[in-house]
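Per-entry structural report
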Amino acid sequence: MNAAQRAMERLLRRDTRYKLEAYVFVRDALAYAHRTMAVDPSAGPEEEDARHLSGQQLCEACRLYALDQFGYLARIVLASWGLKSTSDFGEVVYNLIEIKHMRKSDTDRREDFDNVYAFEEAFEPKFELLSPEEA
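Residues numbered from 1 in each chain as written. Predicted model: local features only at pLDDT ≥ 70, side-chain atom pairs only at ≥ 80, totals over all residues. Heavy atoms only, no water.

Brief notes about helix α6 (residues 86-98)
In this model, α6 (13 residues) spans 19 Å end to end at C-alpha, consistent with the 18 Å of a helix rising 1.5 Å per residue. Most of α6 is tucked away, with 11 of its 13 residues classed as buried. Those residues of α6 lying buried are Thr 86, Ser 87, Asp 88, Phe 89, Gly 90, Val 92, Val 93, Tyr 94, Asn 95, Leu 96 and Ile 97. Packing partners of the buried residues in α6 comprise α1 (3-14), α2 (20-36), α4 (55-70), α5 (74-80) and α7 (119-122). Positive backbone phi, at 65 degrees, marks Lys 100, one or two positions downstream of α6. (Helix = DSSP H or I, 4+ residues; strand = E, 2+ residues; numbered from the N terminus. Expected span 1.5 Å × (residues − 1). Buried < 20%, exposed > 50% of the residue type's maximum accessible area, 1.4 Å probe, protein only. Contact = heavy atoms within 4.5 Å.)

Below, the structure is given as structure tokens:
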């Protein structure tokens with residue numbers, strides 16, 4: 001087992017609120033954001049601002065990625081891993097920062113993840129009625 005795996009194992013023992021899948025999901029959502037959102041994945045270290053996501057942007061990436069991966073079951077799947085609010089995304093991110101699996105900028109704050117959207121609404125299906133002309 002390498003150092004990164006040991007650090008994650010210690011984190012999971014210390015903070016039992018979230019399952020390993022929650023951490024993997026947040027990391028995957030970050031990669032998803034770099035692939036699909038207006039974030040420049042080719043920016044090098046000197047262009048860190050071009051790659052950096054704010055807490056709010058990462059929450060939106062988590063929402064979109066969850067819907068993409070799990071559809072209408074997204075909220076249930078996330079809850080099974082301990083993720084029940086955008087604040088939980090922040091807790092996971094800051095736990096990953098603590099064990100050096102993610103980085104933050106000088107302006108990032110844990111509170112950036114609080115109340116970004118309500119899970120009860122963010123993962124609900126949206127139906128739109130078409131007029132007879134649009135159908």
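With respect to the packing of aromatic side chains
All told, the structure shown has 11 aromatic pairs when counted by the stated rule. Ring centres 5.8 Å apart and planes at 80 degrees place the aromatic pair Phe 70 and Trp 81 in the edge-to-face group. Linking Phe 70 in helix α4 with Trp 81 in the loop between α5 and α6, this pair joins segments that are 11 residues apart in sequence. Residue classification places Phe 70 among the partly exposed residues on the basis of a relative accessible area of 27%. Summarising the aromatic geometry, the rings of Phe 89 and Phe 119 are spaced 5.6 Å apart at their centres and angled 45 degrees between planes, so their arrangement reads as tilted. Taken as a pair, Phe 89 in helix α6 and Phe 119 in helix α7 lie far apart in primary sequence, 30 residues in all. Note on accessibility: Phe 89 and Phe 119 belong to one class, buried. Every member of this aromatic cluster is reached through a ring pair, and the members are Phe 25, Tyr 32, Tyr 65, Phe 70, Trp 81, Phe 89, Tyr 117, Phe 119 and Phe 123. (Phe/Tyr/Trp six-rings, centres within 6.5 Å; stacked < 30°, edge-to-face > 60°.)

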